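Examining the three-dimensional arrangement
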Amino acid sequence: MERDFTVIQLFDIYGELLTKKQRETFMSYYMFDLSLAEISEPEGKTRQSVYAAVKKVREKLLKYESVLHLYEKTAALNALAAECESYAPAAAEKIREITVR
C-alpha cells in the first residue's frame, strides 16, 4: 500500500468523521510509520486484519473527498491566494486563513 501524502491530507480534513479506532489505526500506520505487525501485536490481531482496516479507512477518506471535494476546493483556494499574493497580500492571507480552519 502506497504511503501517500494526499491520503494524510485527506485524513487532516475528514479524520473526525472516522471512529476513534479507525483514527488510531490510520495514524499508527501513516503518521507513526509502524508496520502492520507492530500495530497488530498489542491488539492481538492479525496483520491481515490491520491491513484491511487501513485499506478501509483509506477508501473512506477517498470516498468522502469524491462526495465533498474539500481537498480539491482547498487546493483551488490556495492557488488563488498564491496568484493574488503580489497585488493583494491581505486578501491572499485571508484566503489562507480560511483554508486552515
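For the structure, check the block above.
Here the residue numbering is sequential within each chain, running from 1 through the sequence in written order. Where totals are concerned, whole chains, interfaces and linings use all residues; where local detail is concerned, this predicted model gives features only for residues with pLDDT of at least 70, and gives and counts side-chain atom pairs only at 80 or more. Computation of side-chain values covers all heavy atoms of the structure but excludes hydrogens and water.

Let's talk about the nonpolar core
Condition: In plain words, nonpolar cores are sets of buried Ala, Val, Leu, Ile, Met, Phe, Trp, Tyr and Cys residues tied together by side-chain atoms within 4.5 Å. A 1.4 Å probe rolled over the protein chains alone gives each residue an accessible area, and that area as a share of the maximum for its type sets the label: buried under 20%, exposed over 50%, partly exposed in between. Helix and strand labels come from DSSP, where a helix needs a run of H or I of at least four residues and a strand needs a run of E of at least two; each type is numbered from the N terminus.
With 13 residues, the main nonpolar core has F26, Y30 and L61 as its most contacted residues. For this core, the elements supplying multiple residues, two or more each, are α1 (5-14), α2 (20-31) and α4 (47-68).

A look at unusual backbone geometry
Across residues other than glycine, the phi torsion is negative in most instances, and most of the peptide bonds are trans. The backbone of D33 shows a phi angle near 55°, a positive value even though the residue is not glycine. We classify D33 as exposed; its relative accessible area is 52%. Positive phi is not limited to glycine here, since H69 has a value of about 60°. Locating H69 in the fold gives a position in the loop between α4 and α5 (70-84).

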